[in-house]
Amino acid sequence: MAEMRRDNPIDISEDNNRELLNDVERGLYDFKDEERDEDFYKVDEGLTEEIVRQISAEKHDPDWMLDFRLKSLKIYHELGVPQWGPPIDGLDMARIVTYVKSKTEMKASWEELPDDIKNAFEKLGIPQAEREQLAGVGAQYDSELVYHNVRKDVEEQGVIYTDMESALTGQYADMVREHFMKLVPPTDHKFAALHGAVWSGGSFVYVPPGTKVEIPLQSYFRLNAPGAGQFEHTLIIVDEGSDVHFIEGCSAPKYNVANLHAGCVELFVGKNAHLRYSTIENWSKNMYNLNTKRAICEEGGTIEWISGSFGSHVSYLYPTSVLKGDHSHAEFTGITFAGKGQNLDTGAKMIHLGKNTSSFIDTKSICKSGGISTYRSSVEIRKQAEGAKASVNCGSLMLDSISRSDTVPAMDIRTDKADVGHEAKIGRISDEAVFYMMSRGISEAEARAMIVSGFANPVSKELPLEYAAEMNNLIKLEMEQG
Amino acid sequence: MSETILEIKDLSAGIEGEEILHHINLQVGRGEIHVLMGHNGAGKSTLGNVIMGSPVYQMTGGQILFEGEDITQLSVDARAKKGIFLSFQNPLEVPGLSMEAFLRNAIREKTGKPVKIFQFKKRMEEVLKLLDMDASYVDRDLNVGFSGGEKKKAEIFQLLMLEPKLAILDETDSGLDVDAVRTVSKGIDIFCQNGGTLLIITHSTRILDALKVDHTHVLIDGKIVAEGDGSLVDEINQGGYAKYTK
Ligand SMILES: Nc1ncnc2c1ncn2[C@@H]1O[C@H](COP(=O)(O)OP(=O)(O)OP(=O)(O)O)[C@@H](O)[C@H]1O
Ligand SMILES: [Mg+2]
């Protein structure tokens, strides 16, 4: 994989940091993958140029985007699937073509949804009318309508908040072109390439210099529009000195007949800018979630990730922060819940390039009923990043003895002028604590749920109230399931 | 003697393979104050835990009656709902769960009704003030980072908020400074004045000074070896347990 990246077919960056960035990109995704190409799964030719051209035409792409898609397709065929994380052989790569071909083929009806999903909707108290919509089986959602209201509030400040398709041809078309998949190039890994070839939907946000956006920008609905939750692309650019909070996702389980999700999130945080990016994801339990999220911070910039990962059969998710500018700062606060039949490989990456940069990782993972949760993180402090500070704190809670929790924290520190701390804890619910709570009249199930919610509290308290409540409901729901 | 609220009949209990309590008989009348004394390791905490229904211990014989009803088979929370409260010798910590949220949930589960937030907050304020506790306690995670004494005070705080019928206080007075002993006594006194019944496990008389003890039980090596009124407490404090261990 690394071999191929060297003759990168796509121009990554005009930046004079290009060397640096290229260097960074190598291995951003693959934590440890020394396997050679012959081990890789050889891909079916199913996804053809013709199909990609068709998608591009349906979307009325500008020419450069069609070229981009075709180049990505080529890379997609050249790369193998990652070999280091949870097995993804259940993912039928030969059927990729049907995943992306036609929206109508992918749509299920409400009746066809698995029972656990239907039940989840009951329990989350979502009205029937919205359920079909949220489950991704409703009629095509008019995304323009949803954006309209939010946009009105912020557009006076000069903030652009729109869907990716419109952004490609709108006023900021050049800006989009300059940034699109520059942080996560298609060469990064197979699913990034796939994304580059067939992406569809997602949001574009641009916050002009010196702008503080008071209300969080939320994309609650869009993620649930049919098809859009699958290869959606989120591009956020926060200009110098600006501040914004973007919230994506919702607790309603998202069902797709096609069980691959390969979204991409690229966040550009300008000088002294501040971006908080919060997500709660709840994928249906058949989903392979191979999402790539990455942020880059200029001097004095701050990125804060709040991340709740629920659902999916297999997840690979390691939001990455590149601390390029001096004094830039990144925080990652995340929670993962792996239940029966789930293998979730999640964590975060921090790459310190600038001087006096700092990063904090605080993650919680919960597993039960045989679920496997692996915390995987990497902190890299480059030679030039003198005065860097990094701290990693990961806690796991195992709710029974058949579940598994692993931590794989990696550190690569190339300067001795850095300050690095690490703490990992794996625990179980204490029977004593359950007894204590029950002695106050709380039922056993409720006591256990409260302990788990408490464990998740460092994450939920970072979320806006209604999202925190949703997340707690989700945890309860997961606890109740066998 | 007033109407019996708690009756323990021929109770034997222990952990796997080892009996700790042997043939215990004990009766507590409603509104009374009972003291349970005994050397370290005598089985006092075990008895308190068994009455509460701790799954750590197995009952190998006997019965526990509460208000005339056999509660031997009831779950811990069911016992709590009936009105039994145990102040723990070592209260547990629950990170991420605030005292306030914990109590609100407990009251809701106990009463089966949603908690009226305004009333609840007002009541919390009153009790905090009474116990000379800083208002910030209720926002903090349950017992997390509380000092030994603070944990004990927090138990009394919970007692007054939950208003059970019978409270078993397991060394709630140990580790308290003089002022804290006084505030805890004050809290206990209020609980009694409101008709509460007490079974106090203690090694000292400090907490009892302000209370009128009705009955004392002496537990030695898992057996009740002596009974008496409040004066037995002083007697033991002077003479120790030597007299009973022969
Ligand atoms: N969970 C347990 N596992 C093993 N032994 C136990 C357990 N609980 C109690 N014991 C034993 O039973 C005996 C009684 O213990 P208990 O805690 O009831 O004593 P106590 O009277 O409360 O003592 P203290 O005054 O020191 O608090 C002790 O010998 C103790 O070691
Ligand atoms: Mg004890």
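Note that the structure is a prediction, hence the values are computed from the model and not measured.

Engineer: Can you walk me through the overall build of chain B in this structure?
Structural biologist: The number of helices and strands found in chain B is eight helices and twelve strands. Over its C-alpha atoms, taken along the principal directions, chain B stretches across nearly 55 × 40 × 35 Å. Within chain B, the fraction of its 246 residues that count as buried is 53%. Look at the contacts in chain B between residues 6 or more apart in sequence, and 68% of them connect residues 24 or more apart. Carbon and sulfur atoms make up 48% of the accessible area of chain B, which amounts to about 10800 Å² in all.

Engineer: Teacher, can you tell me more about unusual backbone geometry here?
Structural biologist: Backbone geometry follows two general trends: most residues other than glycine have a negative phi, and most peptide bonds adopt the trans configuration. Positive phi values are uncommon outside glycine, yet Asn272(A) reaches one of about 55°. Among the secondary structure elements, Asn272(A) is positioned in the loop between β7 (264-269) and β8 (274-283).

Engineer: I'm lost on the coordination of the magnesium ion (ligand 2) in this one. Help?
Structural biologist: A four-donor tetrahedral metal ideally has 109.5 degree angles, and a six-donor octahedral metal ideally has angles of 90 or 180 degrees. Residue and element names in this part refer to chain B. Protein coordination at the magnesium ion (ligand 2): the donors are Ser-45 (OG) and Gln-89 (OE1), at 2.0 to 2.2 Å from the metal. Of this pair, Ser-45 sits in helix α1 (residues 44-52) while Gln-89 sits in the loop between β6 (84-87) and β7 (94-98), and the two are 44 residues apart along the sequence. On the basis of relative accessible area, Gln-89 is assigned to the partly exposed category, the value being 27%.

Engineer: In this structure, what is going on with the domain arrangement of chain A? I would like to understand it.
Structural biologist: One frequently used descriptor of interface size is the decrease in accessible area upon assembly of the parts. All names here are of chain A. Structurally, chain A comprises domain 1 (12-429) and domain 2 (430-482). Opposite the 37 residues of domain 1 that make contact, domain 2 presents 26 residues. Each partner contributes to the roughly 2700 Å² buried at the junction of domain 1 and domain 2, and carbon and sulfur atoms together form 69% of this total. Taken as a group, Ile-280, Phe-310 and Ile-429 account for 23% of the area that domain 1 buries against domain 2, more than any other trio of residues on that side. Between Glu-478 and Lys-285 there is a salt bridge, and its shortest N-O distance comes to 3.3 Å. Counting the contacts that link domain 1 with domain 2 gives seven residue pairs in polar contact (both at pLDDT 80 or more). Of the residues contributing to the side of domain 1 that touches domain 2, the split by class is 14 nonpolar, 15 polar and eight charged.

Engineer: What is the right way to look at the packing of aromatic side chains in this model?
Structural biologist: Here a ring pair, both rings aromatic, is described through the centre-centre distance and the interplanar angle of the planes. Residues and elements named next belong to chain A. Under the definition given, this model contains 13 aromatic pairs over all chains. Ring centres 6.0 Å apart and planes at 90° place the aromatic pair Tyr-161 and Phe-246 in the edge-to-face group. Linking Tyr-161 in strand β1 (residues 160-163) with Phe-246 in strand β5 (residues 243-249), this pair joins segments that are 85 residues apart in sequence. Each of the two residues, Tyr-161 as well as Phe-246, counts as buried.

Engineer: What is the right way to look at the sheet that holds strand β3 (residues 33-37) of chain B in this model?
Structural biologist: Note on sheets: strands pair through backbone hydrogen bonds, and any given pair is parallel or antiparallel. Residues and elements named next belong to chain B. One open sheet holds the six strands; their spatial order is β6-β9-β10-β3-β11-β12, and the pairing between them is mixed. Looking along the sheet, the strands with just one partner apiece sit at the ends: β6 and β12 (223-228). Averaged over all pairs of adjacent strands, the angle between their axes in this sheet comes to 20°, without regard to strand direction. Where strand β9 (residues 166-170) lies against strand β10 (residues 197-201), five bridges are found, and the strand directions are parallel. Across the sheet, Leu-169 pairs through a bridge with Ile-200, a residue of β10. Against the sheet, helix α6 (residues 178-193) engages β3, β9 and β10, with an angle of about 145° to β10.

Engineer: Help me understand the site of ligand 1, please; the structure alone is not making it clear to me.
Structural biologist: Residues and elements named next belong to chain B. As a matter of local geometry, ligand 1 sits amid 15 residues, with Gly-41, Lys-44, Ser-45, Thr-46 and Tyr-57 nearest to it. At a separation of 2.8 Å, an oxygen atom of ligand 1 approaches a polar side-chain atom of Ser-45. Interatomic distance of 2.5 Å between a side-chain N/O atom of Thr-46 and an oxygen atom of ligand 1. Here the element with the most residues in the shell around ligand 1 is α1; it accounts for three residues. Taken together, the residues of the shell around ligand 1 break down into five nonpolar, eight polar and two charged.

Engineer: Just to check I follow, could you spell out α6(B) for this structure?
Structural biologist: Side chains three or four residues apart in an α-helix point the same way, a direct result of the helix having 3.6 residues per turn. All names here are of chain B. The end-to-end C-alpha separation of α6 is 23 Å, in line with the 22 Å expected for 16 residues at 1.5 Å each. Those residues of α6 hidden inside the fold are in contact with β3, α4 (117-130), α5 (148-162), β9 and β10. Two or three places before Asp-179, at the start of α6, stands the capping residue Asp-177, its side-chain oxygen 3.0 Å from that residue's backbone nitrogen. One or two steps after α6, the chain reaches Gly-195, where phi turns positive at roughly 95°.

What counts, and where the lines are drawn
- Residues numbered from 1 in each chain as written.
- Chains lettered and ligands numbered in written order.
- Predicted model: local features only at pLDDT ≥ 70, side-chain atom pairs only at ≥ 80, totals over all residues.
- Heavy atoms only, no water.
- Helix = DSSP H or I, 4+ residues; strand = E, 2+ residues; numbered from the N terminus.
- Buried < 20%, exposed > 50% of the residue type's maximum accessible area, 1.4 Å probe, protein only.
- Contact = heavy atoms within 4.5 Å.
- Areas by Shrake-Rupley, 256 points an atom, 1.4 Å probe, with all protein chains shown as cover.
- Donors = N, O, S within 2.8 Å, 3.2 Å for Na, K, Ca; no water.
- Domains from an automatic or database assignment.
- Buried area = accessible area lost by both parts, 1.4 Å probe.
- Salt bridge = Lys/Arg side-chain N within 4 Å of Asp/Glu carboxyl O.
- Polar contact = N/O pair within 3.5 Å; in protein donor to acceptor, adjacent residues only side chain to side chain.
- Nonpolar A, V, L, I, M, F, W, Y, C, P; charged D, E, K, R; others polar.
- Phe/Tyr/Trp six-rings, centres within 6.5 Å; stacked < 30°, edge-to-face > 60°.
- Pairing = 2+ DSSP bridges.
- Axes fitted to C-alpha atoms, helices over the stretch in contact; angles between N-to-C directions.
- Near = heavy atom within 4 Å.
- Expected span 1.5 Å × (residues − 1).

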